[in-house]
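# A closer look at the structure
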Amino acid sequence: MEQRAVVTAGTGGIGLETAMGLAAHGLAVTVVGRDAERGARAVERIAAVATGGGPRFVSADLASLGDVRALAAQLAADGPLTVLVNNVGAMFADRQQTVDGIEATFAVNHLSPYLLTELLLDQLREGAPSRIVNVSSGAIRVAKRTFDAVEPPGGYYGFHWYGRAKLANLVYTLDLADRLRDSGVAVFAADPGGAATDMTNGTMTSPKIVSPALRLLWPLVRRTFERSTAGPASVAARSSVVAATDSSLDGQTGVLIGPEARPVPVFRGSTDPGTVNDVLRLSRRLAPLGEERTTV
């Protein structure tokens, strides 16, 4: 049976390098993105290294929960799934709101992968042994750990809100790993470390994305999230590729693969029972899995 993989935001940067890595391991890769031209170029690059089934592109706006639901239905119709890499991520210099009326940082970085994963669990079970990989970030260390509402109190600072959304997703990832233990579906988080991508190049240069208390130190902090080496996206993708394919991880779940492509300790706040309950409650309210829809 053909082994299938899906990589969200897979038409450029870390996502494309991840998709190429999976294709080189023999997986038939579907990349998800918004731009058909970028998708076509990505498919060409992936096909050049593929050792299994041919790659394809599927269009979806992952900031829209309606698009995520439609994407999940399309992917589910293809049958069993071996690997799902939720690579999508976004950081905004200024506060934005999605078509669903939800703050965009939280919607893209957490609700989108949360909803897509939940809607594809049956296909992942059918494809077992299978793996889910959710891309994390070191930015969780500056996140506010309050999840009683979609937006934390205080002013909007893109870097902190990005870290908070990624923390929510890591909390969900580790809880999901426990829920799916012994199901044949392993769940991993992958921290790519710093990388010079479209996202970081577009927002990380602005000190206004951090709180005033951090602005004097921002040049130093920013350097920890950037790489100056050749081929940075390919280096940053290693953690996701290892999490998705490395046989040394067989039988393991709930593991965070760090920037050096090795297991590392998870952030201590990501397993706090109260935080877990708040994240799951908020996620279910904003992105319900049934027919009922909830307003923000």
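Small disclaimer: the values here were computed from a predicted structure and weren't measured. Each chain carries its own residue numbering, running from 1 in the written order of its sequence. With the structure being a predicted model, the display of local features is reserved for residues of pLDDT at least 70 and the display and counting of side-chain atom pairs for 80 or more, all residues being used for whole-chain, interface and lining totals. To get the side-chain values, all heavy atoms of the structure are used, and hydrogens and water are removed first.

## Some points on the overall build of the chain
- Only runs of H or I of at least four residues qualify as helices and only runs of E of at least two qualify as strands under DSSP, and these elements are numbered from the N terminus. When helices and strands are tallied, the chain shows 12 helices and 8 strands.
- Any residue under 20% of the maximum accessible area for its type is buried, any over 50% is exposed, and the rest in between are partly exposed; the area is computed with a 1.4 Å probe on protein chains only. Burial analysis of the chain (296 residues in total) assigns 55% to the buried set.
- A separation of at least 24 residues holds for 74% of the contacts in the chain among residues at least 6 apart in sequence.
- Summed over all atoms, the accessible surface of the chain reaches about 12500 Å², with 50% contributed by carbon and sulfur. Throughout, a contact is declared for two residues whenever any of their heavy atoms are within 4.5 Å. Calculation of accessible area relied on Shrake-Rupley with a 1.4 Å probe; when residues are assessed, cover is drawn exclusively from the protein chains displayed.

## Regarding the pattern of salt bridges
- Salt bridge, as used here: a side-chain nitrogen of Lys or Arg that lies within 4 Å of a carboxyl oxygen of Asp or Glu. As enumerated under the stated definition, the model contains 10 salt bridges in all.
- In this structure, Asp-250 and Arg-131 form a salt bridge, with 2.7 Å as the shortest nitrogen-oxygen distance. Note that Asp-250 is positioned in the loop between helix H11 (238-245) and strand S7 (255-257) and Arg-131 in strand S5 (residues 130-135), a separation of 119 residues in sequence.
- Residue Asp-250 is classed as exposed on the basis of its relative accessible area, which comes to 53%.
- Assessed through its relative accessible area of 9%, Arg-131 is described here as buried.
- Residues joined by salt bridges that share partners form a network here, namely Arg-4, Arg-56 and Asp-78.

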